[in-house]
Amino acid sequence: MLRFDVSISYDRPILDRAAFVVPEGCIAALLGKNGAGKSTLLSAAIGLLPYRGEISFRGAPLPRRERDRAKIVSLLPQALPSPALSVRDVVSFGRYSYTTKLSPSEWKLVDGALERLKISELSARLVSTLSGGERQKVFLASLLVQDAPVLLLDEPTTYMDLAFRSDFYRILREERDKGKTVLLVTHDLSDAVAEADRIVLLEAGKVAFDGTKEECLARPVLEEAFSVRRYLADENGASHVFFR
Amino acid sequence: MTKQRRPLTVCIALAAFLIAAFFSLRFGSSSMSWKAFLGGLLQKEGYETETIILCSLRLPRMLAGVFAGAGLALSGSLLQRATDNALAAPSVLGINAGAGFAVILFLSLFPTLHELLPFAAFVGALASAGCILGVSGKIGLGKTTVVLTGVALSALFQAGISFFSVLDEDVLASYTDFSVGGLRGVTMEDLLVPAPMIALCLLGALCMARPLNLFCLGDTMASSLGVSVKRTRLLALLLSAASAAAAVSFAGLLGFVGLIVPHAARKIAANDARGEILLSALCGGTLLLFADLLGRVLFTPTEIPVGIFTAVLGVPFFLWLLLQRRYRASI
């Protein structure tokens with residue numbers, strides 16, 4: 001179980017005892033308006049920002065040592081870099097916390113991740129020459145190679161085309177089914193209720209809602225928080241919820 | 001740089017370094033035959049003058065060029081990696097200016113103690129780096145903070161240098177030699193402390209090449225992958241400062257080496273930090289040896305300080321880099 005109970009403040013409080021849990025083997029969507037503290041929370045989880053309180057996994061606080069922490073928590077940040085390094089090299093960085101030199105089996109892991117993301121043909125290309133969507137795939141591959149039990153994703157679908165978006169969510173579900181804990185920051189409420197098992201809503205630095213998707217949809221939680229309306233669409237017997 | 005072409009380019013860089021080192025010994029303001037050169041080098045009887053020229057003048061000078069070039073380029077490479085800023089260099093971030101300020105302050109206070117100037121330069125460079133780290137560390141040691149603090153402190157030290165220059169013209173005259181930079185008159189004794197220090201910094205930098213490699217992914221990504229961003233940045237800046245301080249202590253304020261050489265090295269090493277660090281040291285030494293050689297032989301018997309030639313060679317290269325960047329941005 002991934003547990004947050006953190007307060008972070010700069011010149012003003014960003015997070016004020018934001019407390020919630022994400023069970024293992026679960027996809028949780030972290031929602032909130034701009035400036036609600038979602039990305040700040042993720043930065044704190046990877047040890048980049050100091051915080052008061054505790055972030056723990058399986059009952060133990062996350063390690064202070066970065067390498068040990070990286071074996072538990074991995075992050076796909078919102079702003080992705082474009083280094084002049086080959087795609088394969090960048091994906092291999094996912095193994096940084098495990099080894100100083102990648103073994104043949106680890107290189108297989110790297111190539112496997114490239115194949116899974118369908119970017120094997122980009123392997124030798126420089127990341128700096130890729131499009132935003134391609135870069136997102138590269139860093140997602142690196143995240144998979146890192147193989148941490150907790151995956152934090154900060155608006156991962158920003159540059160993704162619709163075709164890859166469904167692949168991306170399929171990969172997330174596969175990772176969840178393997179027992180990974182996924183915390184997904186997104187502004188797409190429709191994607192959140194479609195793909196997540198749990199919804200966490202941050203408002204003014206506090207947790208305004210924390211519950212299952214069904215509990216969230218039973219009440220007008222998101223409608224009130226984001227001033228939107230909920231629509232229901234039926235397609236081949238399956239109903240889809242979306243917000244406008 | 002493609003992976004196929006990289007070994008060839010590394011071999012060319014190594015060959016250029018060896019040629020530069022050999023030329024630095026072979027040629028100078030006084031010419032000598034091959035026989036006299038070999039006789040002097042092997043310290044044979046009858047070649048005492050050549051022995052003195054080669055072993056007491058040219059050899060220390062050659063080693064000074066190698067270590068000063070390596071030290072400054074290494075410093076620039078570490079700064080550029082640690083701040084993820086292509087314009088970072090000891091001359092830009094105030095490390096050189098700190099050394100210059102310490103030297104001019106020392107000359108004003110103790111105008112006769114010229115033999116202690118390298119020590120003053122060393123202390124000044126380190127103190128300047130300490131100030132940069134102290135101030136930027138207070139606000140999180142972010143890469144932009146480090147650069148801005150360095151640039152601001154550089155301006156402050158430059159103002160201090162101008163102040164003392166205006167106060168005393170004799171001090172200005174003594175300071176000019178140091179500020180232009182040069183390898184003239186460097187002895188083996190002058191290198192006893194700085195050379196091993198630069199070698200140690202190079203070793204330390206190579207040990208931290210792996211986390212430095214991940215710095216190009218940005219602080220968030222590097223931290224997420226397990227890099228201790230603050231500790232690595234702090235260590236890189238300390239090694240960079242020590243390396244530059246050691247180099248300026250005997251070679252003066254040589255500009256551009258720390259700025260341009262890492263760019264060339266990065267291009268050859270295809271952005272790999274370990275390769276870049278090693279090649280920076282190698283190419284830094286090569287550039288300085290060639291610049292010094294030109295300074296010695298082009299206008300014989302007048303000797304032009306090496307600092308002038310590093311700038312002459314460096315500026316066109318730097319402008320070329322700028323044009324390339326503009327070109328990349330436009331496509």
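Our subject is the structure listed above.
Thresholds, definitions, all that
- Residues numbered from 1 in each chain as written.
- Chains lettered and ligands numbered in written order.
- Predicted model: local features only at pLDDT ≥ 70, side-chain atom pairs only at ≥ 80, totals over all residues.
- Heavy atoms only, no water.
- Helix = DSSP H or I, 4+ residues; strand = E, 2+ residues; numbered from the N terminus.
- Contact = heavy atoms within 4.5 Å.
- Buried area = accessible area lost by both parts, 1.4 Å probe.
- Salt bridge = Lys/Arg side-chain N within 4 Å of Asp/Glu carboxyl O.
- Pairing = 2+ DSSP bridges.
- Axes fitted to C-alpha atoms, helices over the stretch in contact; angles between N-to-C directions.
- 1 Å grid on protein atoms, 1.4 Å probe; cavity = no way out; pocket = protein on both sides within 12 Å on 5 of 7 lines; lining within 4 Å.
- Points joined across faces, edges and corners; volume = space filled by probe spheres on them.
- Nonpolar A, V, L, I, M, F, W, Y, C, P; charged D, E, K, R; others polar.
- Buried < 20%, exposed > 50% of the residue type's maximum accessible area, 1.4 Å probe, protein only.
- Parallel < 35°, antiparallel > 145°, perpendicular 65-115°, else oblique.
- Left-handed = near helix turned anticlockwise from the far one by under 90°.
- Phe/Tyr/Trp six-rings, centres within 6.5 Å; stacked < 30°, edge-to-face > 60°.

Residues and elements named next belong to chain B. Secondary-structure assignment places Thr149 in helix 6 (residues 143-167). Separated by 14 residues in sequence, Thr149 and Val135 have C-alpha atoms that sit 7.0 Å apart. In contact with Thr149, not counting residues within four places along its chain, are Ile132, Val135 and Ser136.

A few words now on the interface of chain B and chain A. Accessible area lost upon the coming together of the parts is a frequently used measure of interface size. Taken together, the contact pairs 19 residues of chain B with 26 residues of chain A. Taking both sides of the interface into account, the surface hidden between chain B and chain A amounts to around 1900 Å²; carbon and sulfur atoms contribute 62%. At the junction of chain B and chain A, the tally comes to zero salt bridges. Residue assignment for the side of chain B that touches chain A shows that the elements contributing at least two residues are helix 10 (209-214) and helix 11 (219-225) of chain B.

Okay, the sheet that holds strand 3 (residues 27-32) of chain A next. Residue and element names in this part refer to chain A. Pairing is mixed across the open sheet formed by six strands, whose spatial order is 6-7-8-3-9-10. This sheet does not close on itself; its edge strands, each paired only once, are strand 6 (73-76) and strand 10 (206-212). Neighbour to neighbour, the strand axes of the sheet diverge by 15° on average, direction disregarded. Bridging between strand 3 and strand 8 (residues 181-185) involves four bridges; their strand directions are parallel. Bridging across to strand 8, Ala28 finds its partner in Leu183. Its contacts with the sheet put helix 1 (residues 38-45) on strand 3, strand 6, strand 7 (150-154), strand 8 and strand 9 (198-203), and the angle it makes with strand 7 is roughly 145°. On the sheet, helix 5 (residues 132-146) packs against strand 6 and strand 7 and is oriented at approximately 175° with respect to strand 6.

Further remarks concern empty space enclosed by the protein. All names here are of chain B. Tallied over the full model, the rule gives one cavity of 30 Å³ or more. Within this model, the largest cavity holds a volume of roughly 50 Å³. Forming the walls of the largest cavity are Leu79, Leu93, Ile95, Ala129, Ile132, Leu133, Val146, Leu237 and Ala241. Looking at the lining of the largest cavity, the elements with two or more residues in it are helix 5 (117-138) and helix 12 (229-251). Broken down by element, the lining of the largest cavity gets its largest block of residues, three residues, from helix 5. For the lining of the largest cavity, a count of residues per class yields nine nonpolar, no polar and no charged.

We now examine unusual backbone geometry. Residue and element names in this part refer to chain A. Backbone geometry at Arg17 places phi at a positive 50°, although glycine is not the residue there. Mapped onto the elements of the fold, Arg17 is located in strand 2 (residues 13-22). Overall, the relative accessible area of 57% leaves Arg17 in the exposed class. Phi at Lys118 is positive, roughly 60°, even though this residue is not glycine. Residue position: Lys118 is located in the loop between helix 4 (104-116) and helix 5.

What follows deals with the pattern of salt bridges. All names here are of chain A. Taken as a whole and judged by the stated rule, the model has 29 salt bridges over all chains. Across the pair Lys178 and Glu175 runs a salt bridge whose closest N-O atoms are separated by 3.0 Å. The class of Lys178 is exposed, set by a relative accessible area of 57%. Here the salt bridges do not stand alone but share partners, grouping Arg116, Lys118, Asp147, Asp167, Arg170, Glu174, Glu175, Lys178 and Lys180 into one network.

Residue and element names in this part refer to chain B. One way to put it is that helix 2 (residues 34-41) packs onto helix 3 (residues 48-83) with a least axis distance of 8 Å and a crossing angle of 70°. Taken together, the axes of helix 2 and helix 3 are roughly perpendicular relative to one another. The way helix 2 lies across helix 3 gives a crossing that is right-handed. From helix 2, Ala36, Phe37, Gly39, Gly40 and Leu41 reach across to helix 3, where they touch Glu50, Thr51, Leu54 and Cys55. The residue inventory of the contact of helix 2 with helix 3, partitioned by class, reads five nonpolar, three polar and one charged.

All names here are of chain B. Within this structure, the stated rule accounts for 12 aromatic pairs over all chains. Here Phe23 and Phe27 contribute two aromatic rings whose centre-to-centre distance is 5.3 Å and whose plane-to-plane angle is 80°, an arrangement assigned as edge-to-face. The interplanar angle of 90° and the centroid separation of 6.0 Å between the aromatic rings of Trp34 and Phe37 together place this pair among those described as edge-to-face. Taken together, the residues span about one helical turn, with Trp34 and Phe37 both in helix 2 at a distance of three residues. Residue Phe37 is classed as buried on the basis of its relative accessible area, which comes to 2%. An aromatic cluster is present here, built from Phe22, Phe23, Phe27, Trp34 and Phe37 joined pairwise through their rings.

Honestly, that's just the spatial picture; any functional story needs more than this.
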